[in-house]
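Spelled out from the first residue to the last, the chains are:
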Amino acid sequence: RCGYVAIVGRPNVGKSTLLNHILGQKLAITSRKPQTTRHNMLGIKTEDNVQAIYVDTPGLHKQNDKALNRYMNKTASAALKDVDVVVFVVDRTRWTEEDQLVLERLQYVQGPLLIAVNKADRLEDKTELLPHLEWLAQQLPNAEVVPISALHGQNLDTLERLVAERL
Ligand code: GDP
Ligand code: MG
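How each quantity is defined
Residues numbered from 1 in each chain as written. Chains lettered and ligands numbered in written order. Predicted model: local features only at pLDDT ≥ 70, side-chain atom pairs only at ≥ 80, totals over all residues. Heavy atoms only, no water. Pairing = 2+ DSSP bridges. Helix = DSSP H or I, 4+ residues; strand = E, 2+ residues; numbered from the N terminus. Axes fitted to C-alpha atoms, helices over the stretch in contact; angles between N-to-C directions. Contact = heavy atoms within 4.5 Å. Near = heavy atom within 4 Å. Polar contact = N/O pair within 3.5 Å; in protein donor to acceptor, adjacent residues only side chain to side chain. Areas by Shrake-Rupley, 256 points an atom, 1.4 Å probe, with all protein chains shown as cover. Core = buried A, V, L, I, M, F, W, Y, C linked by side-chain atoms within 4.5 Å. Buried < 20%, exposed > 50% of the residue type's maximum accessible area, 1.4 Å probe, protein only.

Q: Help me understand the sheet that holds strand 4 (residues 85–91) in this model?
A: Sheet strands pair via backbone hydrogen bonds, and the direction of the pair is either parallel or antiparallel. In spatial order, the strands read 2-3-1-4-5-6; together these six strands make up an open sheet with mixed pairing. Whereas interior strands pair on both sides, the edge strands pair on one side only; in this sheet they are strand 2 (41–47) and strand 6 (144–147). Ignoring strand direction, the axes of neighbouring strands in this sheet form an average angle of 25°. The sheet contact formed by strand 1 (residues 2–8) and strand 3 (residues 50–56) spans six bridges and is parallel. Along strand 3, the bridge assignment pairs Val5 with Tyr54. Of the strands in this sheet, strand 1, strand 4 and strand 5 (113–118) are in contact with helix 3 (residues 97–106), which crosses strand 4 at around 160°.

Q: When you look at the site of ligand 1 in this model, what are you seeing that I'm missing?
A: Near ligand 1 lie 18 residues; those nearest to it are Asn12, Lys15, Ser16, Thr17 and Asp121. A distance of 3.1 Å separates an oxygen atom of ligand 1 from a polar atom in the side chain of Asn118. Taking Leu151, its main chain carries an N or O atom lying 3.1 Å from an oxygen atom of ligand 1. Expressed as a share of its isolated accessible area of 580 Å², the protein-covered part of ligand 1 is 88%. Looking at the shell around ligand 1 element by element, the count peaks at three residues for helix 1 (residues 15–23).

Q: Would you explain unusual backbone geometry in this entry?
A: Leave glycine aside and you will find that most residues have negative phi; peptide bonds, for their part, are mostly trans. For Asp48, which is not glycine, the phi dihedral falls at a positive 40°. For Asp48, the position within the fold is in the loop between strand 2 and strand 3. Phi is positive for Asn155, which is not a glycine, with a value near 65°. Its place among the elements puts Asn155 in the loop between strand 6 and helix 5 (156–166).

Q: Please explain the nonpolar core as it appears in this structure.
A: One recurring pattern in soluble globular proteins is that nonpolar side chains are buried together. Leu18, Tyr54, Val87 and Leu159 are the most contacted members of the largest nonpolar core, which totals 21 residues. Listing elements by their share of this core, those giving two or more residues are strand 1, helix 1, strand 3, strand 4, strand 5 and helix 5. Grouped together as the second largest cluster of nonpolar side chains are 18 residues, Val8, Val86, Leu103 and Leu136 included.

Q: Explanation requested: the pairing of strand 3 in the structure shown.
A: Consecutive side chains along a regular strand alternate between the two faces of the sheet. Counting buried positions along strand 3 yields six of seven residues, so the element is predominantly enclosed. Examined bridge by bridge, strand 2 and strand 3 share seven bridges and lie antiparallel to one another. Within the sheet, the bridge partner assigned to Lys45 lies in strand 3 and is Ala52. Between the antiparallel neighbours strand 2 and strand 3 lie two residues, among them Asp48 with a positive phi of about 40°.

Printed below as a string of structure tokens:
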């Protein structure tokens, strides 16, 4: 099985960290500062009979007049076309207007969708996820929800298995 996997989400949720951990190398630049990823980055993971081509996107920003922001939004949106699986990365500790923006775009996506609830390492009580999570799952009824920690590699095997099943 082989296909394209788009990693989308607002800036700073951990998309590039996720790609790097999956690939086991520092391909995409990660940073606490938003707008570190300006272009779509491709990373190919080949294993047994599965080849997943991950596309790390710049993240969708609130639209404004800045040319860079417009460019980055266009780039991130383009990645949503012609992909086999979309991984929507959210930060379990924070839901913002920009997450909302991404969600609105994703409601038009036809193919399989996974919601990766990242930074699972951040809160003490592992059962208490993002307060919006239940609501979020209702907004995207066909999506599967997976809690992960991109930084520590928690549950990425599950995420990768779910991706592979959908390629
Ligand atoms: P992107 O803008 O979505 O690509 O986000 P980055 O991958 O650049 O990460 C933004 C910040 O979040 C960086 O400081 C990362 O180290 C941090 N981060 C990413 N994943 C995790 C995680 O699972 N846990 C924690 N605690 N921090 C994370
Ligand atoms: Mg990035």
